[in-house]
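Residue strings, one per chain:
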Amino acid sequence: MKKLLVIFSILICSLGGSMVSAASPELEEIPAEVFEWVQSSSRMDYYFNRQQIHFGSNARGEVDTNIIIAPVLKVYDELMVNDVISKRRWNGKSVEGFNQLAGVAEYLKFDIKAKTVKVQNTDYLDYTFTVIEQDPAEQEIKLEELSHQSFAYKFYAAILDYGMSHQVDLAKRVNSKLDANSIAKLEKAQTEYKAQKKAGKSAANE
C-alpha cells in the first residue's frame, strides 16, 4: 500500500486538544488518472487505485480471474477523524500521531465465486500520507449480507464492475506476457459482461 503514499500530499490541520480545528485547509486534488472516485458519504470519500487493481494468481503464477485485488483509499472528514480518535481512546489504544489523521489505505481481496471481500491490511495515514499505524488484522465480509443501499456495498460493487469491465488490463498486471489465446478469452468475457450489464440496465428502465 506504500505505493499509494507518494502520489499526492494532503494537508490537514493539527488537533486542538481532542478536536480537529474547523480551519483545516482544503484537500489537494487526488489525481483522477490514478484513483477512481466512487462516492462520498457524510464522513468520507471513497476511491480505488485504477492503476494497481489486478486479478489474483494461483500457485503456478497463472492468472486467477476469480480473485480481484484492489488497493483503496478513504479520505476522512474532521468528524470521522475525531470519531476514530475517540474510539481508540475508549479501547485503550495509542492515539500518537492520530492528530494528523487524514484517512486510511486498504487492500481488498474479492472472491467472486464466494461473494466475499477480505480487508487484508489497513494503513492509517497522516496528512503527508505517511503511515501512522498498520493494522494487519484480516476481516472477511459477505457481500450478500450487505444492504444494497449501503455505502460499503456500493463501493465494493463499483470496484467489481470496474474489474470485470477491464479484465484484460487486470490480467496483464499479473502476467504481462499473456498469449493471444488467453487475451482473446478475456476479451470475450469482458465483452459478454458489458453486454449483460447493458441489457440489465435496459430491462430496469422498461
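Residues numbered from 1 in each chain as written. Predicted model: local features only at pLDDT ≥ 70, side-chain atom pairs only at ≥ 80, totals over all residues. Heavy atoms only, no water.

### As for the overall build of the chain
Stage number 1. The helix and strand inventory of the chain stands at four helices and ten strands.
Stage number 2. Across the 206 residues of the chain, 38% fall into the buried class.
Stage number 3. Carbon together with sulfur atoms contributes 49% to the accessible area of the chain, which is approximately 11800 Å² in total. (Helix = DSSP H or I, 4+ residues; strand = E, 2+ residues; numbered from the N terminus. Buried < 20%, exposed > 50% of the residue type's maximum accessible area, 1.4 Å probe, protein only. Areas by Shrake-Rupley, 256 points an atom, 1.4 Å probe, with all protein chains shown as cover.)

### Concerning the confidence of the model for the chain
Caution applies to low-pLDDT parts of the model: their predicted coordinates are not meant to be read in detail.
Stage number 1. Per-residue pLDDT for the chain averages 86, and the proportion of residues at 70 or more is 83%.
Stage number 2. The spread of mean pLDDT over the elements of the chain runs between strand E1 (residues 15-16), the lowest at 30, and helix H3 (residues 167-172), the highest at 98.
Stage number 3. Note that residues 1-26 has pLDDT below 50 and, in this model, 63 contacts with residues that lie over four places away or in other chains. (pLDDT = per-residue confidence, 0-100. Contact = heavy atoms within 4.5 Å.)

### Considering the pattern of salt bridges
Stage number 1. Tallying each qualifying case throughout the model produces ten salt bridges.
Stage number 2. A salt bridge links Glu-106 to Lys-74; the shortest N-O distance between them is 3.4 Å. Here the residue Glu-106 occupies a position in strand E7 (residues 101-111), and Lys-74 occupies one in strand E6 (residues 63-76), the gap between them amounting to 32 residues.
Stage number 3. Look at Lys-74 and you get buried, because its relative accessible area is 13%.
Stage number 4. Within the structure, one salt-bridge network assembled from shared partners comprises Lys-118, Glu-138 and Glu-140. (Salt bridge = Lys/Arg side-chain N within 4 Å of Asp/Glu carboxyl O.)

### Considering the packing of aromatic side chains
Stage number 1. Scanning the entire structure with this criterion turns up seven aromatic pairs.
Stage number 2. Note on Phe-48 and Tyr-162: the rings are 5.1 Å apart at their centroids and 65° apart in plane angle, and the pair reads as edge-to-face. Here Tyr-162 lies in helix H2 (residues 151-165) and Phe-48 lies in strand E4 (residues 44-49), a separation of 114 residues in the sequence. Of the two residues, Phe-48 and Tyr-162, neither departs from the other in class, the shared state being buried. (Phe/Tyr/Trp six-rings, centres within 6.5 Å; stacked < 30°, edge-to-face > 60°.)

### Description of the side chain of Arg-88
Stage number 1. Here Arg-88 is to be found in helix H1 (residues 78-90).
Stage number 2. On the accessibility criterion, Arg-88 (6% relative accessible area) is buried.
Stage number 3. Within the local environment of Arg-88, its side chain forms a polar contact with the backbone oxygen of Ser-94, the two atoms lying 2.8 Å apart.
Stage number 4. Those residues in contact with Arg-88, other than ones at most four positions away along the chain, are Lys-93, Ser-94, Val-95, Phe-98, Tyr-124 and Glu-133. (Polar contact = N/O pair within 3.5 Å; in protein donor to acceptor, adjacent residues only side chain to side chain.)

### Thoughts on the environment of Thr-130
Stage number 1. Mapped onto the elements of the fold, Thr-130 is located in the loop between strand E8 (116-126) and strand E9 (131-135).
Stage number 2. We classify Thr-130 as partly exposed; its relative accessible area is 44%.
Stage number 3. Separated by 28 residues in the primary sequence, Thr-130 and Ala-102 have C-alpha atoms spaced 9.8 Å apart.
Stage number 4. With residues near it in sequence (within four places) discarded, Thr-130 still touches Tyr-124 and Leu-125.
Stage number 5. Looking at Thr-130, its side chain comes within polar contact range of the side chain of Thr-128, at 2.9 Å.

### Regarding unusual backbone geometry
Most of the time, phi is negative for any residue but glycine, and the peptide bond is trans.
Stage number 1. Even without being a glycine, Lys-115 presents a positive backbone phi close to 60°.
Stage number 2. Relative to the helices and strands, Lys-115 is located in the loop between E7 and E8.
Stage number 3. What makes Lys-115 partly exposed here is its relative accessible area of 41%.
Stage number 4. Located in the positive-phi region is Phe-129, a residue other than glycine, with phi close to 65°.

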